[in-house]
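One-letter residues, chain by chain:
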Amino acid sequence: MKILVINGPNLNMLGIREPDIYGKDTYAGLLNIIKAHCEKKNVEVSFFQSNHEGAIVDEIQAAYGKIDGIVINPAAYTHTSVAILDALKAVGIPTVEVHISDINTREEFRKHSYVSLVAKKTIAGHGFVGYLEAVDYLVETI
Ligand code: DQA
């Protein structure tokens, strides 16, 4: 089983960026944790991070026919991107949405997610563990 983990803008700044909200661990650390978890679960995992909406759309389209499940933290594009929503709908790959922080208890504008309209599940506020829960959900349901 092949899972693609997509992270949106500013998540490459994990560890530096607002550590009180997103923690002190780095993006590289996040990838290591996910890699180790996927090895245990016999999942082939690949990663993509971009600060550019169109690049994320391109990556989702490129996953068509190649990837069994997507874990996506669209970051700020969660709240704005119809293009990412449409790309996920277009490819029809089972997707789990992840947010490190609890988007429902922060600013009002973070409560709305376009990606939630297509995601099989949304996990928010579980820190890095949320990505592992998303992998588990895809393993159990695909
Ligand atoms: C985030 C929450 C978003 O509102 C924010 O724009 C992010 C990260 C999270 O992981 O908690 O960049 O998706």
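In short, a report on the structure. (Residues numbered from 1 in each chain as written. Predicted model: local features only at pLDDT ≥ 70, side-chain atom pairs only at ≥ 80, totals over all residues. Heavy atoms only, no water.)

1. Some details on the site of the ligand
Argument step 1. Around the ligand sit Arg-17, Tyr-22, Asn-73, Ala-75, Ala-76, His-79, His-99, Ile-100, Ser-101, Ile-103 and Arg-110, and those are all the residues in its vicinity.
Argument step 2. Against a free-state accessible area of 320 Å², the protein chains account for coverage of 98% of the ligand.
Argument step 3. The cavity that encloses the ligand is the largest pocket.
Argument step 4. Across the shell around the ligand, the residue classes break down as five nonpolar, four polar and two charged. (Near = heavy atom within 4 Å. Areas by Shrake-Rupley, 256 points an atom, 1.4 Å probe, with all protein chains shown as cover. 1 Å grid on protein atoms, 1.4 Å probe; cavity = no way out; pocket = protein on both sides within 12 Å on 5 of 7 lines; lining within 4 Å. Sits in = over half its atoms within 2 Å of the grid points. Nonpolar A, V, L, I, M, F, W, Y, C, P; charged D, E, K, R; others polar.)

2. Comments concerning helix α3 (residues 53-62)
Each α-helix winds once per 3.6 residues, and so residues spaced three or four apart point in a common direction.
Argument step 1. For α3, every residue scored as buried is listed here: Ile-56, Val-57 and Ile-60. Viewed along the axis of α3, the buried residues span an arc of 100°, placing them on a single side of the element. (Buried < 20%, exposed > 50% of the residue type's maximum accessible area, 1.4 Å probe, protein only. Helix = DSSP H or I, 4+ residues; strand = E, 2+ residues; numbered from the N terminus. Arc of directions from axis to C-beta.)

3. Quick notes on the layout of surface pockets
Argument step 1. As a volume, the largest pocket reaches approximately 150 Å³.
Argument step 2. Residue lining of the largest pocket: 16 residues in total, with Arg-17, Tyr-22, Ala-75, Ala-76 and Arg-110 positioned closest to the centre.
Argument step 3. Of the residues in the lining of the largest pocket, the class split is seven nonpolar, six polar and three charged. (Points joined across faces, edges and corners; volume = space filled by probe spheres on them.)

4. Comments concerning the packing of helix α2 (residues 27-40) against helix α5 (residues 129-141)
Argument step 1. Following both chains from N to C, one finds α2 and α5 inclined at 30°, their axes separated by 10 Å at the closest point. Classified by the angle between their axes, α2 and α5 sit roughly parallel to one another. Seen along the crossing, α2 lies across α5 with a hand that is right-handed. Facing Leu-30, Ile-33, Ile-34, His-37 and Cys-38 of α2, the residues of α5 in contact are Tyr-131, Leu-132, Val-135 and Asp-136.
Argument step 2. In terms of residue class, the contact of α2 with α5 is made up of seven nonpolar, one polar and one charged. (Axes fitted to C-alpha atoms, helices over the stretch in contact; angles between N-to-C directions. Parallel < 35°, antiparallel > 145°, perpendicular 65-115°, else oblique. Left-handed = near helix turned anticlockwise from the far one by under 90°. Contact = heavy atoms within 4.5 Å.)

5. Points about the pairing of strand β4 (residues 95-99)
Argument step 1. Extensive coverage of β4 is indicated by the burial of five of its five residues.
Argument step 2. Here strand β3 (residues 69-73) runs beside β4; their pairing, made up of three bridges, is parallel. In the sheet register, Val-71 faces β4, and the bridge partner there is Val-96.
Argument step 3. You can see the chain leave β3, run along helix α4 (residues 82-91) and come back into β4, and the turn it takes is right-handed.
Argument step 4. Here β4 runs beside strand β5 (residues 121-124); their pairing, made up of four bridges, is parallel. Bridging from a neighbouring strand, Val-96 pairs with Lys-121 of β5. (Pairing = 2+ DSSP bridges. Right-handed = clockwise from strand over helix to strand, strands pointing away.)

6. Regarding the side chain of His-37
Argument step 1. Along the polypeptide, His-37 turns up in helix α2.
Argument step 2. Not counting chain neighbours up to four residues away, the residues in contact with His-37 comprise Leu-132, Val-135 and Asp-136.

7. Quick word on the sheet that holds strand β1 (residues 2-7)
Argument step 1. Taken together, the five strands give an open sheet; going across it, the order is β2-β1-β3-β4-β5, and neighbouring strands pair in parallel fashion. Unpaired on one side and paired on the other, β2 (44-49) and β5 mark the two borders of the sheet. Averaged over all pairs of adjacent strands, the angle between strand axes in this sheet comes to 20°, irrespective of strand direction.
Argument step 2. Running at roughly 160° to β2, α2 makes contact with β1 and β2 of the sheet.

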